[in-house]
Amino acid sequence: MGALTDVVEDLCAFAGRGSCTDAERRAALWLHDDLRARGHEAWVETVWVRPQWWWSLFWHAGLGVVASLLSTASAPAGVAIAAVAFVSYGLELAGLGGIVRLLFFRRATQVVVVEPPDPGAIALWLTAATDAPRRGLVFRDGWRRIGGRLRPGPLWWVLIMLALVTATAVARLLGAEGPGLGVVQFVPTVVLLLAATAALDIGLSEPSPGASADASGVSLALALHQELLDRPPEKLSPGLVLAGAGELFPYGFRRHLQVERPPPRDTVILELGPVGDGTPAWTTRHPQLVHACIEAADGAVRHRVNRPTAAAAGRWRRIPGVEVRCIDGRGIPPRARTEHDTPDRVDEPAIERAYDFCLAMVDALDADLA
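Only a predicted model underlies this, so the values are computations on that prediction, with no experimental measurement involved.

Conventions adopted
Residues numbered from 1 in each chain as written. Predicted model: local features only at pLDDT ≥ 70, side-chain atom pairs only at ≥ 80, totals over all residues. Heavy atoms only, no water. Salt bridge = Lys/Arg side-chain N within 4 Å of Asp/Glu carboxyl O. Helix = DSSP H or I, 4+ residues; strand = E, 2+ residues; numbered from the N terminus. Buried < 20%, exposed > 50% of the residue type's maximum accessible area, 1.4 Å probe, protein only. Contact = heavy atoms within 4.5 Å. Pairing = 2+ DSSP bridges.

> Help me get a handle on the pattern of salt bridges, residues and values and all.
Scanning all chains against the criterion turns up 13 salt bridges. Close ionic contact of Asp 22 with Arg 26 constitutes a salt bridge, the shortest N to O distance being 2.9 Å. One end of the pair, Asp 22, and the other, Arg 26, are both in helix 2 (residues 22–37), four residues apart, so they sit about a helical turn from each other. The exposure class assigned to Asp 22 is partly exposed, which follows from its relative accessible area of 46%. Between Asp 34 and Arg 38 there is a salt bridge whose closest N-O contact spans 2.9 Å. Residues joined by salt bridges that share partners form a network here, namely Glu 227, Arg 231 and Asp 363.

Here it is in structure tokens:
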């Protein structure tokens, strides 16, 4: 277990490994070579994605503001722009691409894969993001704590604001007027303006060091994969998918699922998020996985993640999945997405607690399947 923080330090040596950067690709090749040196049949898959989620947020929110202002002078034009922004961002949040995203360039990212050794067993795919997330003022702990408490989540609230702007523009098109409508229209316009400003700040910021988010998750995935190969479960066979371009939306992993199309009845996803400090927490909706997590929950807590995850991407394809991370008393991974997320601040006992919980959860699930 002493090698857990060594992997974190080695990954963080690739400074600036943001989504689809050269540093991220070099980190993926290092992981591939390291797995090969350990005797695993690892291979690298190059996939093409559009990782610019921050510019997408900026343009969608900006179009919402433009539509709101324009609707006071030309209601048909305001309705058209607001409707396009609403539909496009709704498709993006649902993992179906979107309209505005087609304007961005596709970029290459790498996915490091080790296939499960037993093709007759249920594939347990261990996955973690290899890139380091971008920083930004909105990712300071106070704002992240507020965002973590929002239901259904900050990005979905942007979609709700776009829906309100569309509704008020339609109301003006139908002849509605008055100060009440103006007040209703003012609130989502201000929220969208703030969202566009936050997205601009993120787009102009550098990647964080990425020690806890998400190098610690990669370290945990490697350790779990090795342990489950050395002590294989009866019904589950461990595989490994270390995907790039996964700092917010799981672009690399989602594209991998689209290409490989694993059978839902014979696949389980175990996603490892930031585990560099705090208490293990798990998120899943699948009844069997909920039962397994409760059986293994010695000190672990149930948690709700307010962002797109690889486990959720699998759920769209009817693949059961669970996401595990470590959180503090405020319900957030400490120091994630900040300049303070450095290897020297990673707490190895926290990774070990997440390791123990994941092994116990896998054992409980395997016993249930057996």
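Having seen the model, we can carry on.
> I'd love a proper account of the environment of His 225, names of residues and values included.
Its location among the elements puts His 225 in helix 8 (residues 211–230). Overall, the relative accessible area of 1% leaves His 225 in the buried class. As for His 225 and Asp 6, which are separated by 219 residues in sequence, their C-alpha atoms are 16 Å apart. In this structure, His 225 is in contact with His 40, Val 114, Leu 126, Pro 238, Gly 239 and Leu 240, ignoring residues within four places of it in sequence.

> So what about the sheet that holds strand 5 (residues 267–272)? Which residues, and what values?
Spatially, eight strands are ordered 1-2-4-3-5-8-6-7 in an open sheet, and the strand pairing comes out mixed. In the strand order of this sheet, the two ends are held by strand 1 (42–49) and strand 7 (301–302), each with one partner. When strand 6 (residues 279–283) meets strand 7, the two strands line up parallel, connected through two bridges. Its bridge partner lying in strand 7, Trp 282 is registered against Arg 302.

Just distances and angles here, no functional claims.
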